[in-house]
Amino acid sequence: MNGPVILDRRSVLAGGGALIVSFSLRGAVAQEAKPQELKPQGPKLPGSLATSPYLDSWIRIDADGRITAFTGKAELGQGFRTAFQQIAAEQLDVPFDAIKVITADTKLTANEGYTSGSHSMQDSGTAILHAAAQVRALLMAEAARRFELPAENLRSENAAVIAPDGRRLGYGELVAADVLHVQAQPTSPLKDPQSFKVMGQPVPRVDIPAKVTGGAAYVQDMRLPGMVHARVVRPPSYGAELMEFDAAAVEKMPGVIRIVRDGNFLAVVAEKEFSAVKAMHALAAAAKWRESAKLPNQNDLPNVLTRLPSQDFAILSRSDPSVTGTRRLEATYTRPYQSHGSIGPSCAVAQFADGAMTVWTHTQGVYPDRQAIAEMLGMPQPSVRLIHVEGSGCYGHNGADDAAADAALIARALPGRPVRVQWMREQEHGWEPYGPAMVTKLSAALDEAGRIADWNFAVWSNTHSMRPGGAGSLLAAQHIAKPFAVPAPKPLPLPEGGGDRNAIPIYNFPNAHVMHHFIPAMPLRISAMRALGAYHNVFSLESFMDELAGLAGADPVEFRLKHLDDQRGRDVVEKAAQEFGWSRDRKAAQNRGQNLGYGFAFARYKNLAAYCAIASEVEVDRETGRARLVRAVAAVDAGQVVNPDGITNQIEGAIVQSTSWTLYESVAFDDTRITSIDWQTYPILRFNSVPDSIKVHIINRPGQPFLGSGETGQGPAAASVANAIAHATGKRLRNLPLSRKRIKDAIDA
Amino acid sequence: MITLKVNGQDHQVDADPDTPLLYVLRNDLELNAAKFGCGLGQCGSCTVIVDGQAVLSCVTPLLLLEGKQVTTLEGLGTVAAPAPIQRAFMEEQAAQCGYCIAGMMMRAQALLMRNSKPTDAQIRAELEPNLCRCGTHMRILRAVHRAARLMDTADAAGDRSIR
Ligand code: FES
Ligand code: FES
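Residues numbered from 1 in each chain as written. Chains lettered and ligands numbered in written order. Predicted model: local features only at pLDDT ≥ 70, side-chain atom pairs only at ≥ 80, totals over all residues. Heavy atoms only, no water.

Participant: Give me the lowdown on the overall build of chain A, citing residues and values where you can.
Facilitator: Scanning chain A from terminus to terminus reveals 21 helices and 24 strands. Taking 749 residues into account, the globule formula puts the C-alpha radius of gyration at 27 Å, and chain A, at 27 Å, falls close to it. Projected onto the principal axes, the alpha-carbon positions of chain A cover approximately 75 × 75 × 50 Å. Within chain A, the fraction of its 749 residues that count as buried is 63%. Across chain A, the fraction of contacts at a sequence separation of at least 24, relative to all contacts at a separation of at least 6, is 78%. Roughly 25500 Å² of accessible area belongs to chain A as shown, and the carbon and sulfur atoms make up 51% of that amount. Of the charged side chains in chain A, 78 are positive and 76 negative, and the gap between their average positions amounts to 2 Å. (Helix = DSSP H or I, 4+ residues; strand = E, 2+ residues; numbered from the N terminus. Rg over C-alpha atoms; globule rule 2.2 N^0.38 Å. Buried < 20%, exposed > 50% of the residue type's maximum accessible area, 1.4 Å probe, protein only. Contact = heavy atoms within 4.5 Å. Areas by Shrake-Rupley, 256 points an atom, 1.4 Å probe, with all protein chains shown as cover. Lys, Arg positive; Asp, Glu negative; His and termini not counted. Charge placed at Lys NZ, Arg CZ, Asp CG, Glu CD.)

This is how it looks when you write it as structure tokens:
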């Protein structure tokens, strides 16, 4: 299908009256141009400037003085819209409120791929930082030219450049020339962190007022004129085929507009939302599906996984024959499939009008998802526009992209009418791509001095990203009559890695060998979940460090420091231990009986992002096996801090969420169907298990690069809790989740 | 047609009597705060107040609401004139994605209306039915404590209107 082109940002700006018009018309730079076409010669540009080097892709100043910062990243509840606004305001020398931030939209913003991997601050934050600083310099230079004074004599303040004699030119007056449509330089005149007024401050989040007063804040809250409501009837299991269904009866139901069926894709559209829900139930009740039993035995999952064919990569091989160990320890750790479990099921609104498709979605990647949806619909990409609108927190790749595809497919059948698709709870739990199950096998030996001489780590894992690129990643595209094949899974490359993320130890071991067994087969639908493989790898690695500390008769914190050279790593370990009162309290706990335990864990996320150490106190009820995190103290180094309260919020959340994964969570299935399909069958942490206190200490590093902190807490929180349970019970649990039953069985064993 | 009293106003609602209140609030009355989370009474994101009690609007059919007073988050205050509970959640920055937050606030509000000085244990027990996936719990607890203090101050000043 061919459709008219939705105008890209340049052409829109050309008609929009902004003063970057003249150069916009050059037309040479489309936002979706291939990164390499744009790459300037010479040194790499900072952050996402490397792929979108024009300053006006990031900062736009209108003649009337309005200032807009653009990001290709999507706000997912991490609060970075506020952080970006702080960065731009600081470097431009304008008040915080003077800036409007526009987030991911294929018509308006740069292509920054996915909002994932704690990359937003590193990629987009860094780009905005440098772009804003360079824009300010350009405006100063332009003012200098007009004032006929050297730029050094001028100062910027409150969105204006001011001369010593009091003459003043507002930023809006200065952008009249081609000032901002220029490629960024590799280095920027950044402000001295000592002089920061907005960056580094706990500025209140701009999105919160609407969220606590009932403002429209989410894609779920969109109400477009003439909008209709759709519900999808998903197959009862993977690969199920639709044999028959009763369209006639459902079409007669009040308010039903249309049934959309394409192969195994079945949906119903109604004027009112609850009519759509009722019609969906009626349609589902009468539909007959052919299912097949294909799922593995859940109780034997670790063996199933390790027996699957794998591609094997030796990702670290370090040898020092002069050092040998004597006392050896081995252990196997496992993780089940786990759900993102967004509180709000996925939702999208789509409208097909005049041959063009517009989709409002909470996807993490508007550009890749557009590519997938365009391919599914057989439309050229420029005829499809994706606009990010916030949804419920996603913590990775949940049903967002699929809901967007559902909406687009249904909207195409009803030209002109906006279609809102809302997934039901059972659909989100049953069809989201889960965090993959994993197995790790570790062995290590201590030398005479109680140091680790030899370390072996092997991880078995699926890929950790089946995010769209092609249509085959979308459920709807898999279910239609002419289905798109699921793309072949690939391991994500190091140094960030996927299943092997954080498999390479940050500690200094003379002999160290790490194997990544990448399993292409995917018995369950899986994709990226917050921290990817780092959650399980850090859980395993940091649990095993404790086991080895026990063997060495050493204090776990001292044992870690003994093997840790990275100074910033040592700083967070020492900070967390000190603020927790580690040595004192740990002794006190031992004296207080066996119900309380203290645990410690540390990691640097991906070995290249934020550092995080967590000490925790856990109480275990020996009668029931119930474990509760009582208090946690974290220390974090995320580089230059933009919004300390934002980081604290992320780390507090990471600790609570990871504790929930670690103590309770496991996707359940029989040989055919997923059986954990709601909050009863997939329980998560509730208020009765919330800690008494969580304290987060941030080590600020003024002038250092931003290090994303959104995922750094997941692994350390898990291991810290596991180590505390081992300390409280004297029993080591190595299979996630560390459930009440497993703890009780271990105590009784 | 059913007459539904929401946030002090009467509305004539043209919906089937079995329609859950949540859909009526969100679609017929275009109120955003109550959220669809599960539709099964399991998560609390749809919580509103009916005659002073916290109620799960996703499992409460319209026909049970004739003659009752429904209050949603919108009925408490606005960005410009926030109610104590809203001010408290803003001051504590008690949200990540925020999807669960309206439900949390309504359940907390119902508690504070009948017990102006709840203990920490009482707040935790009260909020038990409501789920948050982002792990914002610590801030939610702090915000409810703060709301209690704010209401207390308002009471001391003799201003009960903002309760
Ligand atoms: S939406 Fe009502 S309890 Fe979940
Ligand atoms: S703040 Fe996101 S679910 Fe609670």
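Moving on, there is more to tell.
Participant: Tell me about empty space enclosed by the protein, residues and numbers included.
Facilitator: All names here are of chain A. For the structure shown, the criterion picks out seven cavities of 30 Å³ or more. Volume-wise, the largest cavity comes out at about 70 Å³. Considering the residues around the largest cavity, the lining is formed by Asn-502, Ile-504, Pro-505, Ile-506, Tyr-507, Val-538, Leu-541, Glu-542, Phe-602, Ala-603, Arg-604 and Asn-607. Elements that contribute at least two residues to the lining of the largest cavity include exactly helix H15 (534–552) and strand E21 (596–604). Class assignment of the residues belonging to the lining of the largest cavity gives a composition of eight nonpolar, two polar and two charged. (1 Å grid on protein atoms, 1.4 Å probe; cavity = no way out; pocket = protein on both sides within 12 Å on 5 of 7 lines; lining within 4 Å. Points joined across faces, edges and corners; volume = space filled by probe spheres on them. Nonpolar A, V, L, I, M, F, W, Y, C, P; charged D, E, K, R; others polar.)

Participant: Before we move on, could you go through the pairing of strand E16 (residues 384–388) of chain A and cite the residues and values that matter?
Facilitator: Residue and element names in this part refer to chain A. Most of E16 is tucked away: five of the five residues are buried. With burial as the criterion, each face of E16 is covered, one bearing Val-384, Leu-386 and His-388 and the other bearing Arg-385 and Ile-387. The sheet contact formed by strand E15 (residues 356–361) and E16 spans five bridges and is parallel. Bridging across to E16, Val-359 finds its partner in Leu-386. In the classification by handedness, the crossover that spans E15, the intervening helix H11 (residues 366–377) and the parallel E16 is right-handed. (Pairing = 2+ DSSP bridges. Right-handed = clockwise from strand over helix to strand, strands pointing away.)

Participant: How would you summarise the domain arrangement of chain A if you had to cite specific residues and measurements?
Facilitator: Residues and elements named next belong to chain A. Structurally, chain A comprises domain 1 (9–206), domain 2 (219–236 + 241–290 + 340–431) and domain 3 (528–748). With 18 residues of domain 1 at the interface, the matching set in domain 2 holds 15 residues. Of the roughly 1500 Å² buried at the junction of domain 1 and domain 2 (both faces included), carbon and sulfur atoms supply 52%. On the domain 1 side of the contact with domain 2, Leu-76, Thr-106 and Tyr-114 bury the most area, a combined 39% of that side's loss. Here Asp-105 makes a salt bridge to Arg-385, at a shortest N to O gap of 2.7 Å. For the pair domain 1 and domain 2, the number of links is six residue pairs in polar contact (both at pLDDT 80 or more). Looking at the side of domain 1 that touches domain 2, its residues break down into six nonpolar, eight polar and four charged. (Domains from an automatic or database assignment. Buried area = accessible area lost by both parts, 1.4 Å probe. Salt bridge = Lys/Arg side-chain N within 4 Å of Asp/Glu carboxyl O. Polar contact = N/O pair within 3.5 Å; in protein donor to acceptor, adjacent residues only side chain to side chain.)

Participant: Go over the pattern of salt bridges with me, naming the residues and quoting the values.
Facilitator: All names here are of chain A. Going through the model one piece at a time under the given rule, you end up with 53 salt bridges over all chains. Arg-155 is the partner of Glu-157 in a salt bridge, and the nearest nitrogen-oxygen pair spans 2.5 Å. Given the relative accessible area of 41%, Glu-157 is considered partly exposed. A relative accessible area of 44% places Arg-155 in the partly exposed class.

Participant: Which residues make up the domain arrangement of chain B, and what values go with them?
Facilitator: All names here are of chain B. Assigned domains within chain B: domain 1 (2–73) and domain 2 (84–156). For domain 1 and domain 2, the distance between their C-alpha centroids amounts to 21 Å. The contact between domain 1 and domain 2 buries some 1300 Å² in all, and 65% of this surface belongs to carbon and sulfur atoms. Interface area lost by domain 1 to domain 2 is led by Thr-47, Ile-49 and Leu-73, which between them contribute 40%. For the interface between domain 1 and domain 2, the tally reads zero salt bridges. Run the count over domain 1 and domain 2 and you get four residue pairs in polar contact (both at pLDDT 80 or more). Taken together, the residues of the side of domain 1 that touches domain 2 break down into eight nonpolar, eight polar and one charged.

Participant: Could you give me a rundown of the interface of chain B and chain A, with the residues and numbers involved?
Facilitator: Each partner contributes to the interface: chain B provides 56 residues, whereas chain A provides 67 residues. Carbon and sulfur atoms supply 53% of the area buried between chain B and chain A, which totals about 4900 Å² over both sides. Scanning the region where chain B abuts chain A turns up nine salt bridges. Notably, a salt bridge pairs Glu-652 of chain A with Arg-142 of chain B, separated by 3.5 Å at the nearest N-O pair. Taken together, chain B and chain A are joined by 38 residue pairs in polar contact (both at pLDDT 80 or more). Those elements that provide at least two residues to the side of chain B that touches chain A are helix H1 (21–28), helix H2 (84–91), helix H3 (101–114), helix H4 (120–127) and helix H5 (137–156) of chain B. Sort the elements by how many residues they give to the side of chain B that touches chain A and H5 of chain B lands first, with six residues.

Participant: How would you explain the environment of Lys-606 of chain A if you had to name every residue and give the values?
Facilitator: Residue and element names in this part refer to chain A. Here Lys-606 lies in the loop between E21 and strand E22 (611–620). Lys-606 gets classed as buried once you look at its relative accessible area, which sits at 1%. A sequence separation of 115 residues divides Lys-606 from Pro-491, and the C-alpha atoms of the two residues are 15 Å apart. Other than its neighbours up to four places away in sequence, Lys-606 contacts Gly-117, His-119, Pro-495, Glu-496, Arg-501 and Asn-502. A distance of 3.2 Å separates the side chain of Lys-606 from the side chain of Glu-496, its partner in a polar contact.

Participant: Explain the sheet that holds strand E1 (residues 59–61) of chain A residue by residue, including any values.
Facilitator: All names here are of chain A. Here we have three strands laid out as an open sheet, ordered E1-E2-E3, and mixed in their pairing. Each having just a single partner strand, E1 and strand E3 (99–102) make up the two edges of the open sheet. Between one strand axis and the next, the sheet turns by 25° as a mean value, whatever way the strands run. Here E1 pairs with strand E2 (residues 67–70) via three bridges, running antiparallel. Bridging across to E2, Arg-60 finds its partner in Thr-68. Across the sheet, helix H4 (residues 80–92) is in contact with E1, E2 and E3; its angle to E3 comes to roughly 135°. Running at roughly 35° to E1, helix H5 (residues 120–147) makes contact with E1 and E2 of the sheet. (Axes fitted to C-alpha atoms, helices over the stretch in contact; angles between N-to-C directions.)

Participant: I'd love a proper account of the sheet that holds strand E5 (residues 160–162) of chain A, names of residues and values included.
Facilitator: All names here are of chain A. Taken in spatial order, the three strands line up as E4-E5-E6 in an open sheet, and their pairing is antiparallel. A strand with exactly one partner marks an edge of an open sheet, and here the two such strands are strand E4 (155–157) and strand E6 (168–170). The average undirected angle you get between the axes of adjacent strands in this sheet is 25°.

Participant: Report on the nonpolar core, specifying residues and quantitative values.
Facilitator: Grouped together as the largest cluster of nonpolar side chains are 196 residues, with contacts concentrated most on Tyr-337, Met-357, Ile-410, Trp-455, Phe-600 and Ile-725 of chain A together with Phe-89 of chain B. Listed in part, the 45 residues of the second largest apolar core include Val-94, Ile-99, Phe-147 and Val-161 of chain A. (Core = buried A, V, L, I, M, F, W, Y, C linked by side-chain atoms within 4.5 Å.)

Participant: Please provide a residue-by-residue account of the pairing of strand E14 (residues 347–353) of chain A, values included.
Facilitator: Residue and element names in this part refer to chain A. Counting buried positions over the seven residues of E14 gives five, a clear majority of the element. When E14 meets strand E17 (residues 419–422), the two strands line up antiparallel, connected through four bridges. Counterpart to Val-349 in the pairing with E17 is Arg-420. Two strands pair when backbone bridges link them, and E14 and E15 are joined in this way by six bridges, in the antiparallel orientation. Looking at E15, one finds that Phe-352 is bridged to Met-357. Linking E14 to E15, which pair antiparallel, is a turn of two residues; within it Asp-354 sits at a positive phi near 50°.

Participant: Go over unusual backbone geometry with me, naming the residues and quoting the values.
Facilitator: In this structure, Pro-495 of chain A follows Leu-494 of chain A across a cis peptide bond, with omega equal to 15°. Along the chain, the position of Pro-495 of chain A falls in the loop between helix H14 (475–479) and strand E20 (511–518). Cis geometry marks the peptide bond from Leu-736 of chain A to Pro-737 of chain A, where omega comes out at -5°. With respect to the helices and strands, the residue Pro-737 of chain A is situated in the loop between helix H20 (714–729) and helix H21 (740–748). In this model, Tyr-395 of chain A sits at a positive phi of 60°, which is unusual for a non-glycine residue. In this fold, Tyr-395 of chain A is placed in the loop between E16 and helix H12 (400–413). Using a relative accessible area of 11% as the deciding quantity, one classes Tyr-395 of chain A as buried. For Glu-30 of chain B, which is not glycine, the phi torsion reads 55° and is therefore positive.

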